[in-house]
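What follows is the residue order along each chain.
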Amino acid sequence: MRLGKRNPRAGQEDDDAPGWDAIHAAVTALGLGDPQHFGTNHLPDQDGAYGLNAYRTTDGWLMLTLGLSELFGKVSDDPAVSGWGFELTMRVVDGSQPDAPPQWALKLLLKLSQYVYQQGRPFAPGHRMSPGGPITGSPDTRLTALAFATDPQLPGISTPNGSVQFLTVVGITTDELATMQATSTDHVLSDLRAHYSTLATDITR
């Protein structure tokens, strides 16, 4: 699926998106520039992420879903939690395309957001999953599974629609997945943090 840029506030009266604004403020605090925005075909609070943002970093990209939490008005019954209560992030080490984020990572985050909506199963720190092949969709990497952890740079925030946590998605190898299953997700991620302090995914490792 090809993602296309669009006006992030298209169709919204008075730019009333308090959840979106709170997320933007949290990421802005990291000192990154303006994001590239990628819209999806999903309506707010339906079927998957409403959009994705990609921020250029010193060694690659930080990508973020928009729409697993409530971006606009309050819809869910729990006033303390915004939507599913989290947004997904993913950092990718990539110097090959300084002007465009990797499409495979955008597609992966979109598919993960669709999984949450369609299966009704939110992710949490410590979760793991195997998408059934290389995470890039092509045999150019040893990374064939995913782990989920609390984002190391983005603490949870309070929004007018409730709380939002940030969960980062980390690409892992088959061997690392097996080790996680024998020990714990955090056991392996602790080793990765020694080399990638932000838990960035490096498809060349």
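Here is a short report on the structure shown in this document. Bear in mind the structure is a predicted one, so any value in this text is a computation, not a measurement.

What counts, and where the lines are drawn
- Residues numbered from 1 in each chain as written.
- Predicted model: local features only at pLDDT ≥ 70, side-chain atom pairs only at ≥ 80, totals over all residues.
- Heavy atoms only, no water.
- Salt bridge = Lys/Arg side-chain N within 4 Å of Asp/Glu carboxyl O.
- Helix = DSSP H or I, 4+ residues; strand = E, 2+ residues; numbered from the N terminus.
- Buried < 20%, exposed > 50% of the residue type's maximum accessible area, 1.4 Å probe, protein only.
- Pairing = 2+ DSSP bridges.

Going through the model one piece at a time under the given rule, you end up with four salt bridges. Of the charged contacts, one joins Arg91 and Asp151 as a salt bridge, the two residues approaching to 2.7 Å between their closest N and O atoms. Taken together, the positions of Arg91 in strand S4 (residues 81-93) and Asp151 in the loop between strand S6 (143-150) and strand S7 (157-159) put the pair 60 residues apart, joining distant regions of the chain. Like Arg91, the residue Asp151 is buried in the burial classification. Among the ionic pairs, Glu176 bridges to Arg205, the shortest N-O distance being 2.8 Å. Remark: Arg205 occurs in the segment after helix H4 (185-193) and Glu176 occurs in helix H3 (residues 174-182); sequence separation between them is 29 residues.

Regular strands show a simple pattern: their side chains alternate between the two faces of the sheet. Of all eight residues in S6, seven are buried, a share of seventy percent or more. Bridge analysis of strand S5 (residues 128-129) against S6 gives two bridges, and the strand direction is antiparallel. Residue pairing in the sheet places Met129 in a bridge with Leu146 of S6.

Okay, the pairing of strand S8 (residues 162-173) next. Buried residues dominate S8, accounting for ten of its twelve residues. Of the pairings in the sheet, the one linking S4 to S8 comprises five bridges and is parallel in character. Counted as the bridge partner of Thr89 is Thr168 from S8. Across seven bridges, S6 lies against S8 in antiparallel orientation.

All quantities given are derived from atomic positions and should not be read as evidence of function.
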